[in-house]
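Breakdown of the fold
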Amino acid sequence: MSAYMEPLYSASIVFILLGIVLWIPWMIYMYRKHGYFSLSQTLISFSFIFYMIAALFLVLLPLPDTRNTCAMQNPNTQHYSLTPFRFITDTLSGGWFNAKSPASYVLIFRQPAFYQAFFNFLLLLPLGVYLRYFLTHKKSWWKAGLIALATTLFFEITQITGIYGIYNCAYRIFDVDDLMLNASGAVLGFFLAPAFLAMFPSKENINARAKVLIDRDEVKSMSVLLAIAIDIFIIDIIRQVILYFTNQNEVTSFIVFSLLAFIWLCIIPIIWNGRTVGTWIMRFRYDSKLSRKTTISRLVKRFAAFYMAYFMLAVVGVLNNVEVTMASPYYKASVFLAVGSSILTAILMVVLFIHIMLVVFGKGKRRFFFDESADLYTTRKK
C-alpha cells in the first residue's frame with residue numbers, strides 16, 4: 001500500500017503548488033469565456049490535473065537512488081515484453097490452477113500478476129470518464145481510445161528510456177500488456193462516464209447559462225475585480241521597469257505609479273471607448289448609458305475615486321516608514337504617527353476587504369465604490 005501512497009502524496013504536493021499558480025489564470029479564463037464561475041467545471045478540470053499528475057507519478061515513482069541504473073541490473077536484463085496477454089500466463093503459472101476445480105478460480109485474485117494487471121486496467125479508466133466529459137459525444141469513443149493509447153505509450157516510452165536519458169538504463173519494463181490494459185480501461189471508463197457525470201451540469205447547460213448572461217448584458221462583480229487586478233498588475237510591472245532605470249525612492253515610486261495609473265485607467269479608456277487592458281481581457285467595457293461626453297467625465301471621476309483610495313494608503317505607508325532617532329525632539333510624535341498610521345492602515349485594509357466581499361458576494365446588488373461614485377456601468381456591448 002505504501003508503494004501507492006508515496007506517489008499520491010508527491011502528486012498532492014505538486015498539485016497544490018500548481019493549483020496556486022493556475023488559480024488566478026483559471027478564474028480569468030472562466031469569467032472571460034462564460035461570464036461566471038462554474039464550480040462544477042472547476043472541480044472537473046482541477047481534479048483532471050491532479051489525476052494526470054497522480055497517474056504519471058504512480059508509473060514513475062519511486063525513482064532509483066542513482067542515475068547509473070545499469071549497475072543495479074543484470075547485464076542480461078530484458079527491458080521490454082512484447083508478448084500479448086502474457087499477464088494471463090504469469091497469473092496462472094505455478095501449477096495451482098485447475099480449470100475443473102471452482103476453488104482454484106478464487107486463487108486467481110490472490111496472484112501478484114493479477115493485481116498488477118488489474119491496476120493497469122484501472123489506471124486510465126478515470127481518463128475515459130474525463131474524455132467523455134471533454135469530447136461530449138458517445139460516438140467519439142474511438143478518439144478516447146486513441147488518446148488513451150497515446151497516453152499509455154507516453155508512459156511506457158518514458159519508462160524504457162529511463163525518463164529520456166536521466167537514467168542510463170530503464171528501471172521499469174516496456175510491456176505491451178500495459179498498453180492494451182490501459183487503453184481498454186479508458187474505453188470502458190468512457191462508456192461508464194454518464195453514471196459519474198450525472199451529478200455535474202453538462203457543458204451544454206454551462207454554455208446556456210453563459211448565453212443568458214450575455215443576453216442580459218450582465219457582468220459579474222468578480223470580472224470587474226479581475227480586470228482591476230490585471231490593470232494594477234501591469235501598471236506595477238511597468239513601474240518597476242521604469243524605477244529600475246531611474247532613482248528608486250518612495251517619492252519617485254509614488255509619482256511614477258500615479259502617472260501610469262492616470263494614463264492606464266483614465267486616458268486609455270477615454271480613447272478606447274471605455275476599455276482598459278483588463279476590461280478588454282475580461283470582455284467588457286464601461287459606459288454611462290448616456291452620451292459620449294458624460295462617459296468621459298465619469299471615467300475621470302472613476303479614476304479620481306480609485307486614486308483617492310491609493311493616495312490614502314500611500315500617505316499612511318509613508319507615515320509608517322518615518323524613522324526618527326530617540327535623541328530627536330520629534331521622536332514621541334514619530335512614534336505616535338507610526339502607531340496611528342499602522343492602525344489606520346489596518347482599518348483601511350479591513351474596510352476595503354469587507355467592501356470587496358460585499359460586492360463580490362452581493363449577487364449584483366452592489367457595485368465597487370469607484371464605479372458607484374462615477375455612476376458608470378459595465379456592458380459587454382461593443
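Residues numbered from 1 in each chain as written. Predicted model: local features only at pLDDT ≥ 70, side-chain atom pairs only at ≥ 80, totals over all residues. Heavy atoms only, no water.

Some remarks on a nonpolar patch on the surface
A cluster of nonpolar side chains, contributed by Phe262, Ile263, Ile267, Ile271, Trp272 and Trp280, occupies part of the molecular surface with about 590 Å² of accessible area. At 4 residues, helix H12 (residues 250-271) tops the list of elements feeding residues into the nonpolar patch. Along the chain, the position of Trp272 falls in the loop between H12 and helix H13 (277-281). Trp272 sits in the partly exposed class, given a relative accessible area of 32%. (Patch = residues over 30% accessible without salt bridge, like charges linked within 9 Å, V, L, I, M, F, W, Y side chains within 5 Å. Areas by Shrake-Rupley, 256 points an atom, 1.4 Å probe, with all protein chains shown as cover. Salt bridge = Lys/Arg side-chain N within 4 Å of Asp/Glu carboxyl O. Helix = DSSP H or I, 4+ residues; strand = E, 2+ residues; numbered from the N terminus. Buried < 20%, exposed > 50% of the residue type's maximum accessible area, 1.4 Å probe, protein only.)

Brief notes about unusual backbone geometry
Negative phi is the rule for most residues except glycine; trans is the rule for most peptide bonds. Here the amide bond leading from Leu61 into Pro62 is cis, since omega sits at 0 degrees, within 30 degrees of zero. Within the secondary structure layout, Pro62 lies in the loop between helix H2 (39-60) and strand S1 (80-81). Phi at Ile163 is positive, roughly 55 degrees, even though this residue is not glycine. With respect to the helices and strands, the residue Ile163 is situated in helix H8 (residues 162-165). Although it is not a glycine, Arg283 sits at a positive phi angle of roughly 65 degrees. Within the element layout of this structure, Arg283 appears in the loop between H13 and strand S3 (285-287). You can call Arg283 partly exposed: its relative accessible area is 44%.

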